[in-house]
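What the coordinates show
For reference, the chains in residue letters:
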Amino acid sequence: MTDRPSVAEYPPVVLPSPERQLSLKGQKALVTGGSSGIGREIAIELGWAGADVVVNYLSGDEDAQEVVKLVGRRCGVRAYAHQADVSDESAVQSMFQRMKETFGGIDILVANAGVQRDAAFHEMSMADWNMVLNVNLTGQFLCCREAVRAFQRKGVVPEVSCAAGKIICMSSVHDIIPWAGRANYAASKGGILMMMKTIAQEVAPWRIRVNAISPGAVRTPINRSAWETPEAYDALMKLVPYNRIGEPSDIGRAAVWLASDYADYITGTTLYVDGGMTLYPGFDAGG
Ligand code: NAI
Ligand code: BGC
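Okay, so let's go over this structure. All figures in this text were calculated on a predicted structure; none of them were measured in a lab. (Residues numbered from 1 in each chain as written. Chains lettered and ligands numbered in written order. Predicted model: local features only at pLDDT ≥ 70, side-chain atom pairs only at ≥ 80, totals over all residues. Heavy atoms only, no water.)

1. Looking at the sheet that holds strand β2 (residues 52-57)
For sheets, the rule is that strands pair by backbone hydrogen bonds, running either parallel or antiparallel. Convention followed: Note on pairing: DSSP must find at least two bridges between two strands before they are called paired. Runs of H or I in DSSP of at least four residues are treated as helices and runs of E of at least two as strands, each being numbered from the N terminus. Here an angle of 0 to 180 degrees is reported between the N-to-C directions of two axes, which are lines fitted to C-alpha atoms, with helices fitted over the stretch in contact. Any two residues having at least one pair of non-hydrogen atoms within 4.5 Å are treated as being in contact.
Across the sheet, seven strands lie side by side as β3-β2-β1-β4-β5-β6-β7; this open sheet has parallel pairing. Because the sheet does not close on itself, it has two edges, and the strands there are β3 (79-83) and β7 (270-273). Recorded for the sheet is a direction-independent mean angle of 20° between the axes of neighbouring strands. Taken together, the five bridges between β2 and β3 define a ladder with parallel strand orientation. Within β3, the residue paired with tyrosine 57 across the bridge is glutamine 83. The sheet contacts of helix α2 (residues 37-48) involve β1 (28-31), β2, β4 (108-111), β5 (165-170) and β6 (208-215), and relative to β1 the element is tilted by about 170°. Contacting β4, β5 and β6, helix α5 (residues 126-154) runs over the sheet at an angle of about 170° to β5.

2. Considering the environment of alanine 254
The following threshold applies: Exposure is judged per residue with a 1.4 Å probe applied to protein chains only, and the accessible area is read against the type maximum: over 50% gives exposed, under 20% gives buried, and values in between give partly exposed.
Summarising the element assignment, alanine 254 is placed in helix α8 (residues 248-259). Take alanine 254: its relative accessible area is 11%, and that puts it in the buried class. Alanine 254 sits 231 residues away from serine 23 along the chain, and the two C-alpha atoms are 13 Å apart. Leaving out residues up to four positions away in the same chain, alanine 254 has contacts with Ile213, Leu271 and Val273.

3. Describing the packing of aromatic side chains
Under the convention used in this document: By convention, a stacked pair of Phe, Tyr or Trp rings (six-membered ring in the case of Trp) has centres within 6.5 Å and planes under 30 degrees apart, an edge-to-face pair has planes over 60 apart, and any other such pair is tilted.
Scanning the model with the defined rule gives three aromatic pairs in all. Between tyrosine 80 and phenylalanine 103, the ring centres sit 5.3 Å apart and the planes meet at 65°, which makes this aromatic pair edge-to-face. Of this pair, tyrosine 80 sits in strand β3 while phenylalanine 103 is found in helix α4 (residues 89-103), placing the two residues 23 residues apart along the sequence. Comparing tyrosine 80 with phenylalanine 103, the two get one shared label, buried. Seen from their ring centres, tryptophan 179 and tyrosine 185 are 5.8 Å apart, and the 65° between their planes marks the pair as edge-to-face. Note on tryptophan 179: relative accessible area 27%, which makes it partly exposed. Take tyrosine 185: its relative accessible area is 9%, and that puts it in the buried class.

In structure tokens form, the structure reads like this:
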């Protein structure tokens, strides 16, 4: 393992003035799976907070370019789209290399790309198992590793942020709630929980913060069938004490806060943004 930096190299932090703490001005962010759903809104919110943004996407160039336009035009920051499969090691390395050449480096990684391939357990194919684990877990491993390498090379730049770098892993309430018919997905999110904590423990001495956001049900293409009809929506609400579906901007705002110096002492934590889905709603009238 690389030698830990000494305490003297990383003296006590001086937090910036209150008005600067939520600002991400001068920071460079990469959002994987940034052309739709939660990733799209995170890219826009990061832009509003002042960060330059790389919008990673797998397919659908037009959607990615639209996010780039929204971020660039509305927020007045730099943005570009980068096509790459996050489960492909060399594609991920090229994505980080281009970011270094174009923006001069990275301060924030939001490892958000994810997929579902649902099947009853006894019928789940090896292809569906591998696909979900490769994208959701290995994809995050590859992106986090490149980000950590870049953060360690760069170190803390106090005018930019108290931390050398921030990573947000997009997990799910299904990192702790079992989910029948989705053993591959739940395993990938449970894996993210421990991977995130382990990386956080390992890289904290470099002032690199690693956290996860675990959304509940959020209105995106991944779970359309759970909200698009009134019947489905009513059934979903039985699982959500707060009685509304999450919107992608609920997650976008949480991501900005977690990436900002307001959250500077937070590392190795999972922030559940779920309207209470993890509160065992079935127990509200029994048990
Ligand atoms: P979405 O389907 O709109 O977004 C997923 C994104 O990942 C898409 O842009 C897709 O193109 C991209 N992607 C898929 N495979 C990729 C690959 N190999 N390389 C690069 N990009 C790839 O769905 P949503 O909901 O926005 O999902 C984003 C993340 O949020 C996922 O990790 C998902 O598991 C997580 N999540 C979603 C929840 C929800 O209720 N919508 C709840 C909890 C977690
Ligand atoms: C899944 C969604 C689901 C939500 C709550 C997410 O991880 O991707 O399909 O609606 O969890 O169950």
